[in-house]
Amino acid sequence: MFDFIALAAAAAAQPDPAQLRATIEKLVGFGTRHTLSSATDPKRGIGAARRWTAGRFAQFGKACGGCLQVETVGDLFTGPRAPNGVRVEDVLAIQRGTSDPERVIIVQGHIDSRVSDVMDATSDAPGANDDASGVALVMEAARILSKERFPATIIYAALSGEEQGLWGGQLLARTAKQRG
């Protein structure tokens, strides 16, 4: 049974254009989010962007009384665009469903970006439209929808490794399968 009251309440909440823009600008501000960029630099690269995203999801979760379980899942991938291998990590915020939690809806965007040279992990690759805007949408959906309860589970996901070989999507699918 679908909860039309919760859906109507969520629909009444409006996305905040200023928040969407601020999220895109923040992601662009990490310089590059290339999969092979720094995973440890506190201000630049894929690692900084993932940590910031996880932190924002955690803030949304705190605002809803802990309704979001934030986690990072990862694995090593090797391929033509990462010949030495790279750890790919997806940032997830899981909002458990109330009456049908085994039914899962995934809202995702990819947090990684790149310049024309797929192997250039150091040049600025702001990726405002590929795909900071998609991640901003995911985060805004989490901010709004986490204020309500739904029968199905919603997973908000910021995928990595998509520009190198759709690895974040593979990782998410494998994680979902492992968890049933």
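Our subject is the structure that appears above.
A short tour of the structure in this document, coming up.

Calculation notes
Here the residue index of a chain counts from 1 through its sequence in written order. Residues qualify for local features only when their pLDDT is at least 70, as the model is predicted, and side-chain atom pairs are given and counted only at 80 or more; totals for whole chains, interfaces and linings, by contrast, use all residues. Heavy atoms from the whole structure form the basis of all side-chain values; hydrogens and water molecules are not counted. Note on terminology: a nonpolar core comprises buried Ala, Val, Leu, Ile, Met, Phe, Trp, Tyr and Cys residues joined through side-chain atoms within 4.5 Å. Accessibility here uses a 1.4 Å probe with only protein chains present; expressed as a share of the type maximum, an area under 20% marks a residue as buried, one over 50% as exposed, and anything in between as partly exposed. Numbering of helices and strands starts at the N terminus; helices are DSSP runs of H or I of at least 4 residues and strands are runs of E of at least 2. The contact criterion used throughout is that any non-hydrogen atoms of two residues lie within 4.5 Å. Fitting a line to C-alpha atoms yields each axis, with helices limited to the stretch in contact; the angle taken between N-to-C directions then spans 0 to 180 degrees. Oblique is the label for every angle not falling under 35 degrees (roughly parallel), over 145 degrees (roughly antiparallel), or within 65 to 115 degrees (roughly perpendicular). Whether a crossing is left-handed or right-handed is set by the direction in which the near helix is turned from the far one by less than a right angle, anticlockwise for left-handed and clockwise for right-handed. The nonpolar class holds Ala, Val, Leu, Ile, Met, Phe, Trp, Tyr, Cys and Pro. Asp, Glu, Lys and Arg form the charged class, and all remaining residues, Gly among them, are polar. Expected helix span is given by 1.5 Å per residue-to-residue step, counting one fewer step than there are residues. Note on aromatic pairs: the rings of Phe, Tyr and Trp (six-membered ring only in Trp) are paired at centre separations within 6.5 Å, and the planes decide the class, stacked below 30 degrees, edge-to-face beyond 60, tilted for the rest. By definition here, a salt bridge exists when the distance from a side-chain nitrogen of Lys or Arg to a carboxyl oxygen of Asp or Glu is within 4 Å.

## Describing the nonpolar core
- Judged by nonpolar contacts, the single largest core of 24 residues is most densely connected at L27, F57, F60, L68, I111, V135 and Y156.
- Counting residues per element, the ones that place at least two in this core are α3 (46–63), β2 (82–95), α4 (128–145) and β4 (152–159).
- With near-sequence residues (within four places) excluded, L27 lies in contact with R33, A49, W52, T53, I111, A132 and V135.
- In terms of nonpolar packing, the next biggest core, distinct from the first, is built from 13 residues, V86, V88, L92 and W167 among them.

## A word on the packing of α3 against α4
- Running from N to C, α3 and α4 cross one another at 15 degrees; their axes reach a closest spacing of 9 Å. In terms of orientation, α3 and α4 fall into the roughly parallel class. Both α3 and α4 take part in a crossing whose hand is right-handed. Mapping the contact onto sequence places W52, T53, R56, F57 and F60 in α3 and V138, M139, A142 and R143 in α4.
- Grouping the constituent residues of the contact of α3 with α4 by class yields six nonpolar, one polar and two charged.

## Concerning unusual backbone geometry
- Here the bond from D130 into D131 is cis, since omega is 10 degrees, no more than 30 degrees from zero.
- Inspection of the secondary structure assignment puts D131 in helix α4.

## What to know about α4
- A rise of 1.5 Å per residue sets the reference length of α4, with its 18 residues, at 26 Å; its end C-alpha atoms lie 24 Å apart and thus fit the reference within 8%.
- Listed in full, the buried residues belonging to α4 are D131, A132, G134, V135, A136, V138, M139, E140, A141, A142, R143 and I144.

## What to know about the packing of aromatic side chains
- Within this structure, the stated rule accounts for two aromatic pairs.
- Pairing F30 with W52 gives two aromatic rings, centres 6.4 Å apart and planes at 55 degrees, and the pair type is tilted. Separated by 22 residues along the polypeptide, F30 in the loop between α2 (17–28) and α3 and W52 in helix α3 bring together distant segments of the chain.
- According to the relative accessible area criterion, F30 is buried, its value standing at 5%.
- Ring plane angle 15 degrees and centroid distance 5.3 Å describe the contact between F77 and W167, whose orientation is recorded as stacked.

## Things to note about the pattern of salt bridges
- Across all of its chains, the model carries nine salt bridges by this definition.
- Close ionic contact of R21 with E25 constitutes a salt bridge, the shortest N to O distance being 3.1 Å. Of this pair, R21 and E25 are both found in helix α2, four residues apart, which corresponds to roughly one turn of the helix.
- Across the pair R103 and D100 runs a salt bridge whose closest N-O atoms are separated by 2.9 Å.

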